[in-house]
Amino acid sequence: MPAQTADQSRPAEKRLTVLSGPSGVGKSTVVAHLRRVNPDVWLSVSVTTRKPRPGERDGVQYHFVTDEEFDRLVAENQLLEWAQFAGNRYGTPRGPVEERLGEGVPVLLEIELQGARQVRESMADALHVFLAPPSWEELVRRLTGRGTESDEVIQRRLDVAKVELAAEKEFDTTLVNTSVQEVCDELLALMTAPKV
Ligand SMILES: Nc1nc2c(ncn2[C@@H]2O[C@H](COP(=O)(O)OP(=O)(O)O)[C@@H](O)[C@H]2O)c(=O)[nH]1
Ligand SMILES: Nc1ncnc2c1ncn2[C@@H]1O[C@H](COP(=O)(O)OP(=O)(O)O)[C@@H](O)[C@H]1O
C-alpha cells in the first residue's frame with residue numbers, strides 16, 4: 001500500500017473522512033485495524049464526558065473530561081462538532097484536525113450521526129461513510145456480546161441505533177461490516193480516491 005500522506009492535489013477538506021454507524025456495528029474495531037495496517041491515517045481523539053471502560057486510557061481512546069471542562073471547550077469554540085449520545089457528550093477537538101489537514105495528512109473522524117451532520121455543514125467536501133451491520137440481529141449480538149454496557153445502556157443504544165440506521169441515505173457510501181479486513185480495505189480505498 002503506498003504512503004497516503006501529503007497528497008496535496010486534494011483540497012484539505014477532501015482528506016477528511018467521517019465514519020459513522022450504530023453503536024456495536026464495529027467502528028472501533030475497524031478503525032483500530034485500519035490504524036495498524038496504515039499508520040499514516042490520523043484518527044482524531046475525541047473528548048467525552050463518558051466514564052472510561054476497563055482498559056480505556058485517557059488520551060488514547062478518548063480524552064475523558066468533566067462536564068465543566070466540556071462546557072468550557074464548547075464556550076471557547078474549541079470543538080469542530082459535538083453531540084449528546086445516550087446520556088453523555090462527545091466532541092472533536094478542532095485544533096489538531098485542522099493542523100493535520102493543513103499538513104496534508106488524511107484524517108478520520110469516528111463520530112455519531114448528529115456530529116456527522118455538523119461536519120457536513122462546516123466542511124462540505126468531507127467524505128461521509130456509513131458502517132452498517134449485516135443484520136439487526138447481528139448488531140444486537142455484537143453490542144450485547146461486547147459486554148461493556150448494562151442492559152439499560154444497551155437498550156438506550158439500540159433505540160438510538162434505529163434512528164441512525166434510518167439516516168443511512170445521508171451518507172456518501174455504505175460499507176457493510178461483515179469482514180473487518182474487507183471493510184478496512186474498502187475504507188482505505190475510499191479515503192484515498194477523489195470524491196466524485
Ligand atoms: N459527535 C461525536 N460523536 C462521537 C465522538 N466520539 C465518539 N463519538 C460517537 O459516540 C458514540 C458512543 O461512543 P462510545 O461511548 O465510545 O461507544 P461505542 O462507539 O459504542 O464503543 C459512537 O457512535 C461514537 O462514534 C465525537 O467526537 N463526536
Ligand atoms: N466484522 C465483525 N464480525 C464480528 N464481530 C465484529 C466485527 N466487527 C466488530 N465485531 C465485534 O462487535 C463488537 C462491537 O464492536 P465495536 O468495534 O466495539 O463497535 P462500535 O465501536 O461501533 O460500537 C465487538 O465485540 C467486536 O469485537
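Residue positions within a chain follow its written sequence, with the count starting from 1. Chains carry letters from A onward and ligands carry numbers from 1 onward, assigned in written order. It should be noted that, the model being predicted, local features are given only for residues of pLDDT at least 70 and side-chain atom pairs only at 80 or more, the latter also being counted only at that level, while totals for whole chains, interfaces and linings use all residues. Heavy atoms from the whole structure form the basis of all side-chain values; hydrogens and water molecules are not counted.

> Outline the pattern of salt bridges, supporting the account with residue identities and numerical values.
The salt bridge definition used is simple: a Lys or Arg side-chain nitrogen within 4 Å of an Asp or Glu carboxyl oxygen. Following the criterion strictly, the structure yields 14 salt bridges and no others. Here Glu149 ties to Arg53 by a salt bridge, and the two come within 2.6 Å at their closest N and O atoms. With Glu149 in the loop between α5 (136-146) and α6 (151-166) and Arg53 in the loop between β3 (47-48) and β4 (63-64), the pair connects residues that are 96 residues apart, well separated along the chain. Both residues of the pair, Glu149 and Arg53, count as buried. For the salt bridge of Arg156 with Glu152, the shortest nitrogen-to-oxygen distance reads 3.9 Å. Within this pair, Arg156 and its partner Glu152 are both found in helix α6, separated by 4 residues, close to a single helical turn. We classify Arg156 as partly exposed; its relative accessible area is 36%. Through salt bridges with shared partners, a single network forms among Arg50, Arg53, Glu56, Arg146 and Glu149. The helix and strand labels rest on DSSP assignments: H or I over at least four residues marks a helix, E over at least two residues marks a strand, and numbering proceeds from the N terminus. Buried means the residue's accessible area, taken with a 1.4 Å probe over protein chains only, is under 20% of the maximum for its type, while exposed means over 50%, and partly exposed covers the values in between.

> Any chance you could break down the site of ligand 1 for me, citing the residues and the numbers?
We call a residue near a molecule or strand as soon as one heavy atom of that residue lies within 4 Å of the molecule or strand. Around ligand 1 there are 18 residues in total, and Ser23, Ser46, Arg50, Tyr62 and Tyr90 lie nearest to it. Any pair of N or O atoms that falls within 3.5 Å is considered a polar contact. Within protein, one atom must be able to donate a hydrogen and the other to accept it, and sequence-neighbouring residues count only if both atoms are side-chain atoms. Thr92 is positioned with one of its side-chain polar atoms (N or O) 3.3 Å from an oxygen atom of ligand 1. Between ligand 1 and the protein, one listed contact pairs an oxygen atom with a side-chain N or O atom of Arg146 at 3.0 Å. When contributions to the shell around ligand 1 are tallied by element, the ones reaching two or more residues are β5 (79-85) and β6 (88-93). Gly falls in the polar group here, along with every residue not listed as nonpolar (Ala, Val, Leu, Ile, Met, Phe, Trp, Tyr, Cys, Pro) or charged (Asp, Glu, Lys, Arg). Looking at the shell around ligand 1, its residues break down into 5 nonpolar, 5 polar and 8 charged.

These figures capture arrangement, not role.
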